[in-house]
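Observations on chain architecture
For reference, the chains in residue letters:
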Amino acid sequence: LADRGVLAAGARLVTAHDATGHSWWIPADAVWSDADAPDRAEHPRPIGLATAGTREAALIKGVSDRLGWEAVLEFERGGDLPTATGVAESSSANAIVLDGRLGHGVPTVVVLAADTMRWGAGATWDGAMRRALYGDDPLAEPAPELEGLSELLAADGLAVASVDLGTP
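A brief look at the structure comes next. Because the structure is predicted, anything quoted here is derived from the model rather than measured.

Take Ser162: it is sitting in strand 6 (residues 161–162). When residues no more than four places from it in sequence are discounted, the contact partners of Ser162 are Thr15, Ala16, His17, Arg55 and Leu59.

Moving on to helix 2 (residues 125–134). Since the α-helix packs 3.6 residues into each turn, any two residues three or four apart lie on the same face. For helix 2, the set of buried residues is Trp125, Gly127, Ala128, Met129, Arg131 and Ala132. On its buried face, helix 2 is in contact with helix 1 (55–76), strand 3 (96–99), strand 4 (108–112), strand 5 (117–121) and helix 3 (142–154). Two residues or fewer past helix 2, Gly135 is found with a positive phi of approximately 85°.

The strand order across the open sheet built from three strands is 3-4-5, with neighbouring strands paired in antiparallel fashion. Every other strand in the sheet has two partners, leaving strand 3 and strand 5 as the edge strands with one partner each. Adjacent strand axes in the sheet meet at a mean angle of 20° when their direction is disregarded. Looking at chain direction, strand 3 and strand 4 are connected through four bridges and run antiparallel. Paired with Asp99 across the strands is Val109, a residue of strand 4. Lying over the sheet, helix 1 contacts strand 3, strand 4 and strand 5, oriented at roughly 135° with respect to strand 5. Those strands touched by helix 2 are strand 3, strand 4 and strand 5, and its axis lies near 140° from that of strand 5.

Conventions adopted
All residue numbers refer to position in the chain's written sequence, counted from 1. Residues qualify for local features only when their pLDDT is at least 70, as the model is predicted, and side-chain atom pairs are given and counted only at 80 or more; totals for whole chains, interfaces and linings, by contrast, use all residues. In computing side-chain properties, one takes all heavy atoms of the structure into account and sets aside hydrogens as well as water. Only DSSP runs of H or I covering at least 4 residues are called helices, and only runs of E covering at least 2 are called strands; the numbering of each starts at the N terminus. Contacts between residues were defined by any pair of non-hydrogen atoms, one from each residue, lying within 4.5 Å. For every residue, the accessible area (1.4 Å probe, protein chains only) is compared with the maximum for its type, and the residue is labelled buried under 20%, exposed over 50%, or partly exposed between those bounds. By this definition, two strands are paired if DSSP reports at least two bridges between them. What counts as an axis is a line fitted to C-alpha atoms, over the stretch in contact for a helix, and the angles between N-to-C directions run from 0 to 180 degrees.

Taken by themselves, the reported measurements are silent on function.
Right under this line is the structure:
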């Protein structure tokens, strides 16, 4: 995200849906690492795979995973992630909370502790922290949070899209 990498449109396309449910065609290479396989693609890219009870909840989990995962990759490559000043406090005195925003305004955290690394993103810093620590934010209603995430991403020229990997 920090470099705003763009994929060239390939010969194969897949249907994606934005946060409001509108359909789009996107390059299959954005979703599958083996999009040009002769039979069918079988290897999805690690781009925020998620399941949940509702579409909105799945999109939030997927966005959280994607943004956090990219922050972790940046950190592992030697990138400098500052301390997250928007977080009230970490849940442990033995943890460091880093600001994982990479070219976007969505609150994103990477939580480093002695034996673990966790990440999460949300419409608020507290929500991002709850997602990192617990995998979900039970205090947030999915529809308004997805709207908040979408607005934050739109301010930076980005949008949420989902692809159902279980369909042809």
